[in-house]
Structure formats: C-alpha cells, structure tokens
Amino acid sequence: MRITHWAGGAAALHARPILPANLCNELVATAPAVVLGRAQKVDDGFVARAGAAGFEVARRVSGGTAVVVGPDECLWVDVVVARDAPGWNDDIGKAGCWMGDQWVAALAAAGVEEATVHRSAMQNRPGSDTVCFAGVGPGEVLRADGAKLVGISQRRTRLWALFQCAIPLRWDPEPLITALGPSAEPARDAHVATLDASTAQATLRHLALT
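All figures in this text were calculated on a predicted structure; none of them were measured in a lab.

Caption draft 1: Broad picture of the pairing of strand β4 (residues 56-59). In terms of strand pairing, strand β3 (residues 33-36) meets β4 through four bridges, oriented parallel. Paired with A33 across the bridge in β4 is E56. Between the parallel elements β3 and β4, the chain passes through helix α2 (residues 46-52) in a crossover that is right-handed.

Structure (structure tokens):
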C-alpha cells in the first residue's frame, strides 16, 4: 500500500487538502503541539500556558479532544476513504470499527497480539472531555489489559470519510495537563498504552485497509 508522507507544523498539516487519492497518510509534526478537537472549548489562558510548556497550538478538522503531536510523541496516520470505497459506511460507529479492525490486523502482523476494538458507545472516562486518550470511542483499539492504544477521530463529507488516528510512542500527561488546566487533571490516571517507534512503523507498513 502506498503511504503519502507529510512533515511540518501541526497547524499546516491539519490545513492541508484532504484528497481521497491519498488513502493512507503519515504525518510528522516537526514541533510539539497540542491539537484540539474541532469543537473543543478552552479557557482564555490556554494559549499562553501551552506556549510556556513548549507547545504550538492547532485545531483539527475531526472531533474529540486534545492530543499531543510532535517528534517522538505519536504515530499520526490519516486515512481517507472515498464514498463507496472499501471501509465506507454511512453508520459512523460501524465505520470507526472498520478502521479499528484494520489497526488490530496490522498490530498482530507486527507482533502485537490480543488487541481489540471497542465496539460500543463512547465511554466518557475521567478527563476525556479534555484529553482524547482518557476516553474510549467506537472503533478505538485497546490493549489486552484495556489500555487505549489507538485513538481515532472522524470527519465526514458527502464524498469522503477522514479517520485521524494516533498511537502514542510515549505517554506523559503532565505537560498537557499544565497547558489545559484543572479540567484535565483527571486524565493523569488515564489508562494509555504505547508502542516503541520501530513497532509502530512496522504496524503502519502492515496496515492493509481492505
């Protein structure tokens, strides 16, 4: 499968054209950034706190809440599915589960066994209204012990569905909590899994999208 590679600032990467011809896209943010969900609200001091913590600020076109991207932070992959292509489903939940199934198969091929897809409704866990990896939504992938391993958010138009996916390479919620403020405090205890960079890249190479 052809993978299109992008690199740059998080805001510029999120502002790029979404093209169904580019089915699988690996995006590398060249500086640390807090990426907010499309409709996520933050307080007036957020931008200043994020800057003091060393983060750029960006907002993605898909839903959910804040994620950290940047060097060695996560594997960030956008998958664009054209209407009526394999993976398209008018049901958002079922479409998310298709995306999760693709990740589970790729993880198994890379040697990460017993990952599962969350197939029920959104679980709003403590901190999830502020930090994306604190909650679990339909299609997201969990390790065997229940830790969240693959986060997935969606944007849909009449012509395509965009799945914005992230796998943490490390997990340190403290800077994110500092930037977001007290509302993010409960995310300190979020159950989050990580992959080392080589296993994450092997997983991406095995992502078949069938």
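That covers the picture; the talk isn't over yet.
Caption draft 2: Expanded view of the sheet that holds β4. Taken in spatial order, the three strands of this open sheet run β4-β3-β5, and their pairing is mixed. Bordering the open sheet on either side are β4 and β5 (67-69), each of which pairs with just one other strand. Strand-to-strand twist of the sheet, defined as the mean angle between neighbouring strand axes without regard to direction, takes the value 30 degrees.

Caption draft 3: Local environment of the nonpolar core. Counting residues in each nonpolar core, the largest one holds 33 residues, and the members touching the most others are M99, W103, F163 and L207. Those elements giving two or more residues to this core turn out to be β6 (74-82), α3 (92-109), β9 (148-156), β10 (160-168) and α5 (197-206). In terms of residue count, the dominant contributor to this core is α3 (eight residues). Excluding residues within four positions of it along the chain, M99 makes contact with V79, I152, F163, C165, L207 and L209. Core analysis: the next-biggest nonpolar cluster, separate from the first, contains 31 residues, A10, L27, V67 and L180 among them.

Caption draft 4: How the structure looks around the pattern of salt bridges. By the definition in use, this model includes nine salt bridges. With a closest N to O distance of 2.8 Å, R170 and E73 form a salt bridge. Taken together, the residues span a long stretch of sequence, with R170 in the loop between β10 and α4 (174-180) and E73 in the loop between β5 and β6 at a distance of 97 residues. As a salt-bridge pair, R83 and D90 come within 3.6 Å of each other at their nearest N and O atoms.

Caption draft 5: Main features of α3. In this model α3 runs 26 Å from its N-terminal to its C-terminal C-alpha over 18 residues, within 8% of the 26 Å that 1.5 Å per residue would give. Looking at α3, one finds that the buried residues are A95, G96, C97, W98, M99, G100, Q102, W103, V104, A106 and L107. Where α3 is buried, its residues meet β6, β7 (116-117), β8 (141-142), β9, β10 and α5. The N-capping residue of α3, defined by a side-chain oxygen 2.9 Å from the backbone nitrogen of G93, is D91. With its phi angle positive at about 95 degrees, G111 sits one or two positions after the end of α3.

Caption draft 6: Highlighting the side chain of E73. Look at E73 and you get buried, because its relative accessible area is 13%. Looking at E73, its side chain comes within polar contact range of the side chain of R170, at 2.8 Å. Excluding its chain neighbours within four sequence positions, the residues that come into contact with E73 are V68, P168, L169 and R170.

Caption draft 7: Quick look at empty space enclosed by the protein. All told, the structure shown has one cavity of 30 Å³ or more when counted by the stated rule. Computed from the structure, the largest cavity encloses a volume of approximately 150 Å³. Contributing to the lining of the largest cavity are 14 residues, with R60, V67, S153, Q164 and A166 lying nearest its centre. Elements represented by at least two residues in the lining of the largest cavity include exactly β5, β9 and β10.

Caption draft 8: Looking closely at the pairing of strand β2 (residues 24-29). With five of its six residues buried, β2 lies for the most part within the structure. Pairing of strand β1 (residues 3-8) with β2 involves six bridges; the strand directions are parallel. When the bridges of β2 are listed, I3 appears paired with C24. Of the strand pairs in this sheet, β2 and β6 are connected by four bridges, and their pairing is antiparallel. Opposite E26, over in β6, you have V77 as the bridge partner.

Cut-offs and rules
Residues numbered from 1 in each chain as written. Predicted model: local features only at pLDDT ≥ 70, side-chain atom pairs only at ≥ 80, totals over all residues. Heavy atoms only, no water. Pairing = 2+ DSSP bridges. Helix = DSSP H or I, 4+ residues; strand = E, 2+ residues; numbered from the N terminus. Right-handed = clockwise from strand over helix to strand, strands pointing away. Axes fitted to C-alpha atoms, helices over the stretch in contact; angles between N-to-C directions. Core = buried A, V, L, I, M, F, W, Y, C linked by side-chain atoms within 4.5 Å. Buried < 20%, exposed > 50% of the residue type's maximum accessible area, 1.4 Å probe, protein only. Contact = heavy atoms within 4.5 Å. Salt bridge = Lys/Arg side-chain N within 4 Å of Asp/Glu carboxyl O. Expected span 1.5 Å × (residues − 1). Polar contact = N/O pair within 3.5 Å; in protein donor to acceptor, adjacent residues only side chain to side chain. 1 Å grid on protein atoms, 1.4 Å probe; cavity = no way out; pocket = protein on both sides within 12 Å on 5 of 7 lines; lining within 4 Å. Points joined across faces, edges and corners; volume = space filled by probe spheres on them.

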